[in-house]
Amino acid sequence: MTGGLYRTVMRVAATGATVASYVPGLPAGWRGLGDRLGRLPADDRAAASSAPALWIHAASVGELAAVRPLLAQLRTRFPGRLAVVSTLTRTGLALARDLPDVHMAFLLPLDAPGPVRALLRTLRVEAFFFTETEIWPTLLTELAEHRVPAIMVSGRISARTLARARWLRPLYRNALATVTCCMQTPEDAERIIALGADPRRVQVAGSLKFDAEAAMPPADVQTMAALLEGRQVVVAGSTHEGEETILVEVLGRLSLGHPRLLLLLAPRHPERFDGIAAEVAARGVALVRWSALLRGEGEVPAGAGVILLDTIGVLAHAYALGAIAFVGGSLVPIGGHNVIEPARHSRPVLVGPHTGNAGPVVERLLAAGGGMRVSTPEALALALDHLLAEPERAHDMGLRAWAASQTGQGAVERHMKIIATRLESATFARAATG
């Protein structure tokens, strides 16, 4: 796809969304079209006029959790601004709206001139921060034309992303021309430069996920800990289609040797909860939903079984309930997810062969002896069997995982130094420092 074709596709999408927004009785899957078209609700429009805004874009729940410490620092460093957050998913949006340090949250507008300009007419954006791989060319170009500083935080570009973007490099080069890029690793820095970023604006600052808040676990997690006392729990987090089937089959293999075994299954996408529950039940495996247990409407399976984590925003703490963690999106070709969350709880971490999304962090964890890579369902079953049978070995791996999770800390401070340098000449930065 060329730059011209990209812009045409996005304009067509925006036109279609505009037409659809006038159709009465939209199905649930189409809700949020107003946000996608850059139209904020009346209450948000009123709030937007009250103060300038720091706009933070985080794709979904994981990225939002990682950026929270940085958001807190930004609010302290630059007071008197609205903290507004955009996401790509409804689950991320729901979490953002519940955060006490966020004034306003919405779905990211479509990357077409009309929706982006509509939002920028409403919000008085003084700085824009976007996480990881969220490079939206039209949005960044429009922000540059409005002289709004744009800063990529915890930036990540995989070799696969770079290869797929080769036809769009002229478009990216224009979009990234004035962007300050805070990248996770030297390899990410090289790739963003290859994509078109100005080398003078690229620095390595580390991953914000290392500095994510270690808050007290929610009351729900503490309640669940009491319910699961005495059980051997494997927490499988951020799983994708195909992985749940493998995990349930592995549970069946291990159940004879480990009758107290429970699989705490946390799928990545909430819309799949019902289908997964039905599939597990069809296999004759005992399953209870997390939410039902907390309401007192179900019981923990007496033998080996599955607890379906159907509540958003608690996985990072729920890893502490397990003896072992498996991080999904890695047995199927997705690229893997956040291994730092279970490592921070001193849990041994298992991953599949597909971990390109978090490659350097995974390699650091494996090199420290805090995790294992399992390439097949059989290897996963064998690794779990050994770790469940040898709790001392699992404990040692967990300590090594925790040590690895501490080695990348300080990313928020490094980011803030780069951000302060970029914004020091901006009017709002001068005002914030008196």
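Since this is a predicted model, take the numbers as computed values, not measurements.

Definitions and cut-offs
- Note that residues are indexed from 1 along each chain, following the sequence as it is written.
- Only residues with pLDDT of 70 or above have their local features reported here, since the model is predicted, and side-chain atom pairs are shown and tallied only from 80 upward, although totals for entire chains, interfaces and linings are computed over all residues.
- Side-chain measures were taken over the full set of non-hydrogen atoms in the model, leaving aside hydrogen atoms and water.
- Working definition: rings of Phe, Tyr and Trp (its six-membered ring) pair if their centres are within 6.5 Å, and the pair is stacked with planes under 30 degrees apart, edge-to-face with planes over 60 apart, and tilted otherwise.
- In this text, helices come from DSSP runs of H or I with a minimum length of four residues, and strands from runs of E with a minimum of two, each type numbered from the N-terminal end.
- Burial classification: accessible surface area is computed with a 1.4 Å probe over protein chains only, and a residue below 20% of its type maximum counts as buried, one above 50% as exposed, and the rest as partly exposed.
- Note on pairing: DSSP must find at least two bridges between two strands before they are called paired.
- Note on method: axes are straight lines fitted to C-alpha atoms, helices fitted across the in-contact stretch only, with angles between N-to-C directions ranging 0 to 180 degrees.
- The contact criterion used is simple: two residues touch if any of their non-hydrogen atoms lie within 4.5 Å.
- By convention a crossover is right-handed if, when the strands point away from the viewer, the path from the first strand over the helix to the second runs clockwise.
- Counted as a polar contact is a pair of N or O atoms within 3.5 Å, where, for protein atoms, one must be capable of donating a hydrogen and the other of accepting one, and residues adjacent in sequence contribute only when both atoms are in side chains.
- Any Lys or Arg side-chain nitrogen located within 4 Å of an Asp or Glu carboxyl oxygen qualifies as a salt bridge.

Participant: Even after reading the chapter, I still don't get the packing of aromatic side chains, so can you show me in this structure?
Facilitator: Aromatic ring pairs are described here by two measures, namely the spacing of the ring centres and the angle between the planes. Inspection of the entire model under this criterion finds three aromatic pairs. Judged by centre distance (4.7 Å) and plane angle (70 degrees), the ring pair of tryptophan 55 and phenylalanine 128 falls under edge-to-face. Highlighted residues: tryptophan 55 in strand β1 (residues 53-57) and phenylalanine 128 in strand β4 (residues 125-131), separated in sequence by 73 residues. Here tryptophan 55 and phenylalanine 128 have matching classes, each one buried. What links up through ring pairs into an aromatic cluster is the set Trp55, Phe106, Phe128 and Phe130.

Participant: Just checking my understanding: could you explain the sheet that holds strand β11 (residues 305-308) for this structure?
Facilitator: Sheets are built from strands paired through backbone hydrogen bonds, the pairs being either parallel or antiparallel. Here we have seven strands laid out as an open sheet, ordered β10-β11-β9-β8-β12-β13-β14, and parallel in their pairing. Only two strands of the sheet have a single partner each, and these edge strands are β10 (287-289) and β14 (371-373). Going across the sheet, the axis of each strand differs from the next one's by a mean of 20 degrees, ignoring polarity. Here three bridges tie strand β13 (residues 349-351) to β14, and the two strands are oriented parallel to one another. Looking at β14, one finds that leucine 350 is bridged to methionine 372. Along the sheet, helix α13 (residues 273-282) contacts β9 (261-267), β10 and β11; its crossing angle with β10, the most-contacted strand, is approximately 155 degrees.

Participant: Got a minute to help me understand the pairing of β11 in this structure?
Facilitator: Remember that side chains alternate between the two faces of the sheet whenever the strand is regular. Every second residue of β11 is oriented toward a common face, with Gly305 and Ile307 on one face and Val306 and Leu308 on the other, all of them buried. Two strands pair when backbone bridges link them, and β9 and β11 are joined in this way by four bridges, in the parallel orientation. Its bridge partner lying in β11, leucine 264 is registered against isoleucine 307. By the bridge criterion, three bridges tie β10 to β11 in an arrangement that is parallel. By the bridge assignment for β11, valine 288 is matched with isoleucine 307. Handedness of the crossover joining β10 and β11 through helix α14 (residues 290-295): right-handed.

Participant: Sorry if this is basic, but what is going on with the side chain of aspartate 211 here?
Facilitator: Looking at the element boundaries, aspartate 211 is found in the loop between β7 (202-204) and α11 (219-227). Looking at aspartate 211, its side chain comes within polar contact range of the main-chain nitrogen of glycine 410, at 3.0 Å. In terms of polar contacts, aspartate 211 uses its side chain to reach the backbone amide nitrogen of alanine 411, at 2.8 Å.

Participant: Mind showing me how you'd approach the pattern of salt bridges here?
Facilitator: Pairs can form between side chains of opposite charge whenever their charged atoms are close. On inspection of all chains with the given rule, the structure shows 15 salt bridges. Glutamate 279 is the partner of arginine 283 in a salt bridge, and the nearest nitrogen-oxygen pair spans 3.8 Å. Judged by relative accessible area, arginine 283 falls into the partly exposed class, the value being 41%. Classification of glutamate 279 as partly exposed rests on a relative accessible area of 32%. Residues glutamate 363 and arginine 373 are paired through a salt bridge, measuring 2.8 Å at the closest nitrogen-oxygen approach. On the criterion of sequence distance, the pair formed by glutamate 363 in helix α17 (residues 359-367) and arginine 373 in strand β14 is long-range, its members being ten residues apart. Judged by relative accessible area, which is 31%, arginine 373 ranks as partly exposed. One connected set of salt bridges, linked through shared partners, spans Glu132, Arg156 and Lys209.

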